[in-house]
Amino acid sequence: MLWGVSGPLFLLDYLGAVAVAVAVALAARELTGHRARGATPDRVELAYLTDRSLLACQVGVAALRRAGGVTVGELATLQAEGLPPPRAPGLVRALHTALRRPQTWAAVLADPDVGRALRRSVARLARDGWLLTPGQRRRVALGTLPLFAVAAVGVTRLVESAVEGRTAGGPASVAGLLLCCLATALGGWWLTEVPETGAAARRLLRRLRREHAELDPERRPVWQGRDTDALLTAMALFGPRPLLAVDPAFAVQVGVDPERDRPRPERRPARR
């Protein structure tokens, strides 16, 4: 017996240690950023929490479009008309300013004022606890260290057994330990991918998606008769696909992929 422990017993202990290490990593992920302060994010900020800056800009320009403030011109250009909606978020006002002269969507996204408005929104979300700070993200990543430590113990046992010619257990135990070490290392590597959103933001998005489940594109909602608020909420929570159903030509102009973002067709039962 290597280290005074038989192969099957060591494998059981190893699995127990993996379970504890996974619990530590998940706890670090769920407890970091679990409390937010300040006002609930608006729809543009919710879009950023859902799918970052592109979706936030798409929701912002959709708000301008629905207010009659954006027209589509020649050569795939967009142009703003009139004034932005009252009490519009900063990003919406920045998009309106950028579109005072005809521009392509790519040029709008590269506009310095739009970039500054996005950075201000991100700073506000981080200050209020909806986004994780770099320090919090490092803390979550460090929570995976126990997994790598457990994997290192298992690999050390296998290496020592091979180098010293001692047995780490029967073939089944050795193969099981090798597979467990590989799975532990891969799981730890996967958990080092830290989400930008905090636990409070993820809870908020889950709750709002339940409350507005009827707007989920997978349920194929009927948009006739629905107002702008419903469209912008659906985009902020579920992605840009609702804009394809309401204004497909404009959706394509602002970067919505009609193939990738189109609802999947319903499967019909085969006729017998």
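Up top you'll find the structure we're talking about.
First, a word on what this report is: a plain description of the structure on this page.

## Section: the overall build of the chain
Next up, step 1: The number of helices and strands found in the chain is twelve helices and three strands.
Next up, step 2: Here the chain has a C-alpha radius of gyration of 26 Å; the compact-globule value for 272 residues is 19 Å, and the former is much larger.
Next up, step 3: Taken along the three principal axes of its C-alpha coordinates, the chain extends 80 × 60 × 35 Å.
Next up, step 4: For the chain, the residues scored as buried account for 42% of the 272 residues in total.
Next up, step 5: For the chain, restricting intrachain contacts to residue pairs at least 6 apart in sequence, the fraction spanning at least 24 positions comes to 69%.

## Notes on unusual backbone geometry
Next up, step 1: Phi is positive for Arg-87, close to 55 degrees, though the residue is something other than glycine.
Next up, step 2: Among the secondary structure elements, Arg-87 is positioned in the loop between β2 (77-80) and α3 (90-98).
Next up, step 3: A residue is classified by how much of its surface remains accessible, and Arg-87, at 82% relative accessible area, is exposed.

## Notes on α3
Next up, step 1: Among the residues making up α3, those that are buried are Leu-91, Val-92, Ala-94, Leu-95, His-96 and Ala-98.
Next up, step 2: Turning to α3, the residues buried within the fold contact α2 (43-66), β2, β3 (103-104), α4 (105-109) and α5 (112-127).

## Things to note about the packing of aromatic side chains
One pair of aromatic rings is described through two measures. These are the centre distance and the angle between the planes.
Next up, step 1: One pass over the full model with this rule turns up zero aromatic pairs.
Next up, step 2: One cation-aromatic arrangement involves Arg-157 over Phe-10; the distance from NZ or CZ to the ring centre is 4.3 Å.
Next up, step 3: Above the face of the Trp-223 ring, Arg-226 is positioned so that its terminal group lies 5.8 Å from the ring centre.

## A few points about the state of the cysteines
Next up, step 1: Summed over all chains, the structure comprises zero disulfides.
Next up, step 2: The thiol of Cys-180 is unpaired, and the distance to the nearest cysteine sulfur, on Cys-181, comes to 7.1 Å.
Next up, step 3: By relative accessible area, which is 19% here, Cys-180 ends up buried.

## A few points about the pattern of salt bridges
As a working rule, side chains carrying opposite charge can pair if their charged atoms are close by.
Next up, step 1: One pass over the structure, following the stated rule, counts ten salt bridges.
Next up, step 2: Between Glu-45 and Arg-124 there is a salt bridge; the shortest N-O distance is 2.4 Å. Taken together, the residues Glu-45 in helix α2 and Arg-124 in helix α5 connect sequence positions 79 residues apart.
Next up, step 3: For the salt bridge of Glu-218 with Arg-241, the shortest nitrogen-to-oxygen distance reads 3.1 Å. Placement of Glu-218 in the loop between α9 (199-211) and α10 (228-238) and of Arg-241 in helix α11 (residues 241-246) is noted, with a sequence separation of 23 residues between them.
Next up, step 4: For Arg-241, a relative accessible area of 14% corresponds to the buried category.
Next up, step 5: When salt bridges that share partners are traced, they join Glu-45, Arg-124, Arg-127 and Asp-128 into one network.

What counts, and at which threshold
Residues numbered from 1 in each chain as written. Predicted model: local features only at pLDDT ≥ 70, side-chain atom pairs only at ≥ 80, totals over all residues. Heavy atoms only, no water. Helix = DSSP H or I, 4+ residues; strand = E, 2+ residues; numbered from the N terminus. Rg over C-alpha atoms; globule rule 2.2 N^0.38 Å. Buried < 20%, exposed > 50% of the residue type's maximum accessible area, 1.4 Å probe, protein only. Contact = heavy atoms within 4.5 Å. Phe/Tyr/Trp six-rings, centres within 6.5 Å; stacked < 30°, edge-to-face > 60°. Lys NZ or Arg CZ within 6 Å of the ring centre and 35° of its normal. Disulfide = S-S within 2.5 Å. Salt bridge = Lys/Arg side-chain N within 4 Å of Asp/Glu carboxyl O.

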